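Residues per chain, in single letters:
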Amino acid sequence: MKLTIRQIAEMAGVSVTTVSQILNNKGSRFSEDTRKRVLDIVNEHQYRPDFFASNLINRHSKTIGMIIPDVTDFFFSKMVEGAENYLTPLGYKLILCHSQQSLAKETQLLQDLNHRSVDGVLLATPNLMPEGYAYGSDFYRKMPLVLIDRGINQRDTGRLIIKEYEGAYQAVSYLAQQGHRHIALLKENGSYYQLQERYNAYRHALKDAGIPYKKHYVATEDLTINGGYQAAKAILLNPEVTAIFCSNDAMAIGCYRAIYELGKKVPEEISVIGFDDIELTASLAPALTTVQQPIFEIGFTAAKFLVDAIEFPERRMPNKIFETKLILRESVNKTTKSPSS
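Now for a quick tour of the structure.

Reading the values: rules and limits
Residues numbered from 1 in each chain as written. Predicted model: local features only at pLDDT ≥ 70, side-chain atom pairs only at ≥ 80, totals over all residues. Heavy atoms only, no water. Buried < 20%, exposed > 50% of the residue type's maximum accessible area, 1.4 Å probe, protein only. Helix = DSSP H or I, 4+ residues; strand = E, 2+ residues; numbered from the N terminus. Pairing = 2+ DSSP bridges. Axes fitted to C-alpha atoms, helices over the stretch in contact; angles between N-to-C directions. Parallel < 35°, antiparallel > 145°, perpendicular 65-115°, else oblique. Contact = heavy atoms within 4.5 Å. Phe/Tyr/Trp six-rings, centres within 6.5 Å; stacked < 30°, edge-to-face > 60°. Lys NZ or Arg CZ within 6 Å of the ring centre and 35° of its normal. 1 Å grid on protein atoms, 1.4 Å probe; cavity = no way out; pocket = protein on both sides within 12 Å on 5 of 7 lines; lining within 4 Å. Points joined across faces, edges and corners; volume = space filled by probe spheres on them. Disulfide = S-S within 2.5 Å. Polar contact = N/O pair within 3.5 Å; in protein donor to acceptor, adjacent residues only side chain to side chain.

### What about the pairing of strand β4 (residues 145-148)?
Residues of β4 alternate between two faces, with Leu145 and Leu147 on one and Val146 and Ile148 on the opposite face, all of them buried. Where strand β3 (residues 120-124) and β4 come together, four bridges link them in parallel fashion. Opposite Leu123, over in β4, you have Leu147 as the bridge partner.

### Looking at unusual backbone geometry
Residue Pro267 is bonded to the preceding Val266 through a cis peptide linkage, with omega at 0 degrees. Inspection of the secondary structure assignment puts Pro267 in the loop between α11 (249-261) and β9 (271-276). Non-glycine residue Lys62 carries a positive phi angle of around 55 degrees. Along the chain, the position of Lys62 falls in the loop between α4 (51-58) and β1 (63-68). With phi around 65 degrees, Gln101 is a residue other than glycine that occupies positive phi space. Turning to its location among the elements, Gln101 is positioned in the loop between β2 (93-98) and α6 (103-115).

### Some points on the packing of helix α2 (residues 16-23) against helix α3 (residues 32-44)
Their axes nearest at 10 Å, the elements α2 and α3 cross at an angle of 80 degrees. As summarised for this structure, α2 and α3 are arranged roughly perpendicular, according to the angle between their axes. Between α2 and α3, the residues in contact are Thr18, Val19, Ile22 and Leu23 and Thr34, Arg35, Val38, Leu39 and Val42, respectively.

### With respect to the sheet that holds strand β8 (residues 243-246)
Sheet strands pair by backbone hydrogen bonding; their relative direction is either parallel or antiparallel. Sheet architecture is open: six strands sit in the order β7-β6-β8-β9-β10-β12, paired in mixed fashion. Strand pairing shows two members of the sheet lacking a second neighbour, β7 (218-221) and β12 (325-327), which therefore form its edges. Adjacent strand axes in the sheet meet at a mean angle of 20 degrees, parallel and antiparallel pairs treated alike. Of the strand pairs in this sheet, strand β10 (residues 289-292) and β12 are connected by three bridges, and their pairing is antiparallel. Paired with Val291 across the bridge in β12 is Leu326. Where helix α9 (residues 196-208) meets the sheet, its contacts fall on β6 (183-188), β7, β8 and β9, and the angle it forms with β6 comes to roughly 165 degrees.

### Considerations on the packing of aromatic side chains
To describe a pair of aromatic rings, one takes the distance between the centres and the angle between the planes. One pass over the structure, following the stated rule, counts eight aromatic pairs. A centroid spacing of 6.4 Å and a plane angle of 75 degrees characterise the contact between Tyr202 and Tyr213, whose relative ring orientation is edge-to-face. You can see Tyr202 sitting in helix α9 and its partner Tyr213 sitting in the loop between α9 and β7, a full 11 residues away along the chain. Judged by relative accessible area, Tyr202 falls into the buried class, the value being 0%. For Tyr213, a relative accessible area of 27% puts it in the partly exposed group. Aromatic side chains Tyr256 and Tyr260 sit 6.1 Å apart centroid to centroid with 85 degrees between the ring planes, which places their arrangement in the edge-to-face category. Here Tyr256 pairs with Tyr260, and both are found in helix α11, just four residues apart, close to one helical turn. For Tyr260, a relative accessible area of 37% corresponds to the partly exposed category. Members of the aromatic cluster, joined through ring pairs, are Tyr86, Phe296 and Phe300. Above the ring of Tyr92, the side-chain terminus of Lys62 is found at 4.1 Å from the ring centroid.

### Some details on the layout of surface pockets
Considered as a void within the structure, the second largest pocket measures approximately 440 Å³ in volume. Arg141, Pro144, Ala309, Ile310 and Pro313 are, among the 23 residues lining the second largest pocket, the residues nearest its centre. Counting residues per element, the ones that place at least two in the lining of the second largest pocket are α7 (138-142) and α12 (295-311). At four residues, α12 tops the list of elements feeding residues into the lining of the second largest pocket.

### Here's the deal with the environment of His204
Along the chain, His204 turns up in helix α9. Under the relative-accessibility criterion, His204 is labelled partly exposed at 38%. Between the C-alpha atom of His204 and that of Tyr133, which follows or precedes it by 71 residues, the distance is 35 Å. Once you skip the residues sitting within four places of it in the chain, His204 turns out to touch Tyr165 and Tyr169.

### A closer look at the state of the cysteines
For the structure shown, the criterion picks out zero disulfides. Of the cysteine sulfurs around Cys255, a residue in no disulfide, the closest is that of Cys246, at 4.3 Å. With a relative accessible area of 0%, Cys255 lands in the buried category.

### Here we look at the side chain of His180
Counting through the fold element by element, His180 comes out in the loop between α8 (164-177) and β6. Given the relative accessible area of 2%, His180 is considered buried. A distance of 2.7 Å separates a polar atom in the side chain of His180 from the backbone oxygen of Asn333. Excluding residues that lie within four positions of it along the chain, His180 makes contacts with Leu175, Ile211, Thr242, Ala243, Ser271, Asn333, Lys334 and Thr335.

Here's what the structure looks like:
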């Protein structure tokens, strides 16, 4: 027989309200003894709340929608893990949706999730959203929305910003410090995310190191393993290149393949640096030097912002800046080539 909240309350010697508040993580005013007594009974009888009934009473479904551009992208899978890590202990379930980078699909998914009565949405988007979905809009008031968008949608609250420029600048400067003067860039082609800060940092780091910018040292492709492979093949037509900075780790993996197919070695002949620090990079041979951004923490923080917006709608959503860090591994060597340009 399924246990009810009323039966749990009778067994614990407390009120139904007390049990409900403890189960909904709002029992901070109760003693540890009371909390333990209730939770011990819950665990012993493997009680699970009826979320449908709870939704009717509390107007909360305890479900969160999360829309990501690409379910195959290592970056977003780690972000989803971070969001789930925050939501699951609070009793929230995640509905994961794939937008395929399409603004039209994103807006349709937002409407679909709203009709399913989710409590809020995490939206990782490469797109500029219509005004109707902005912070403070009628849509937002009905269903809180946290954007993970590299700041492209203007707002003064709920911004999750990564120090991409600083990380990319540090990477390219490090290559210059190792004696490299022919440093190429594998850049996104704009069909997905616009990583303008990484490109700006590349140019500024070259300038500050006294290295001339050369347009033919920049190749644009998809932010994928195959994109990195194709872009690197184009770059390697310049035999003087000794180092390549890749806009993400997936491109760096493809870059490795292109280098080896040419009969060259990383890092003995060509140094490579990536960006993201996905888990796979430490297992490459050689292990990839890359710029680390806290992907898990971004998903975790976005989920926290959203739950706070759901449970405390009167509060102003804060902003958060995430640091980046150059992780030195084995894919960069000092160059032995002549520094002449």
